[in-house]
Amino acid sequence: AFHQFFEGFAIGQVVIEAKFGMLKKSLMILFYSITTSIGICIGIGVYLGESYDGNSTGANITIGIINSICGGFLLFMGMSIFWTDWFVNNPEMHTAGALTTIAGHLGILFGMAAMAVIGLWA
């Protein structure tokens, strides 16, 4: 639930910036809320089931594959889509001074480092 909290903030920001109508934005938020809750319920049900062995080879391989796919998606979204939209395609950044651009890049790098530390801890 810790990860979904911050992911909800990120998705909320993207939905707010999207140029969609209110109905489409509301449906996006609704489906995120429903799928997150259903996923958590499935995870709790599997974990509490008597046949689940979290230390088995199959469980470790499955978790590793899923984590690597999710990490790849996050890196792709952060580095190629958001960074491009926020800095390269943003007309305000073209006229901003060097200090603003450097502060923006340092903020992103700090955020990436913080998420890496959280990822090691979690």
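Shown above is the structure to which this text applies.
Residues numbered from 1 in each chain as written. Predicted model: local features only at pLDDT ≥ 70, side-chain atom pairs only at ≥ 80, totals over all residues. Heavy atoms only, no water.

### Notes on the layout of surface pockets
Next up, step 1: The space that makes up the second largest pocket amounts to roughly 300 Å³.
Next up, step 2: Forming the boundary of the second largest pocket are G39, I42, G43, V46, Y47, Y52, A59, T62, I63 and I66.
Next up, step 3: For the lining of the second largest pocket, the secondary structure elements donating two or more residues are α2 (22-48) and α3 (57-88).
Next up, step 4: If one sorts the elements of the lining of the second largest pocket by residue count, α2 sits on top with 5 residues. (1 Å grid on protein atoms, 1.4 Å probe; cavity = no way out; pocket = protein on both sides within 12 Å on 5 of 7 lines; lining within 4 Å. Points joined across faces, edges and corners; volume = space filled by probe spheres on them. Helix = DSSP H or I, 4+ residues; strand = E, 2+ residues; numbered from the N terminus.)

### Some points on the packing of α3 against helix α5 (residues 98-121)
Next up, step 1: Between α3 and α5, the shortest axis-to-axis distance is 12 Å and the interhelical angle comes to 155°. Relative to α5, α3 is oriented roughly antiparallel. α3 and α5 meet at a crossing whose hand is right-handed. Residues M79, W83, W86 and F87 of α3 pack against T101, G104, H105, I108, L109 and M112 of α5. (Axes fitted to C-alpha atoms, helices over the stretch in contact; angles between N-to-C directions. Parallel < 35°, antiparallel > 145°, perpendicular 65-115°, else oblique. Left-handed = near helix turned anticlockwise from the far one by under 90°. Contact = heavy atoms within 4.5 Å.)

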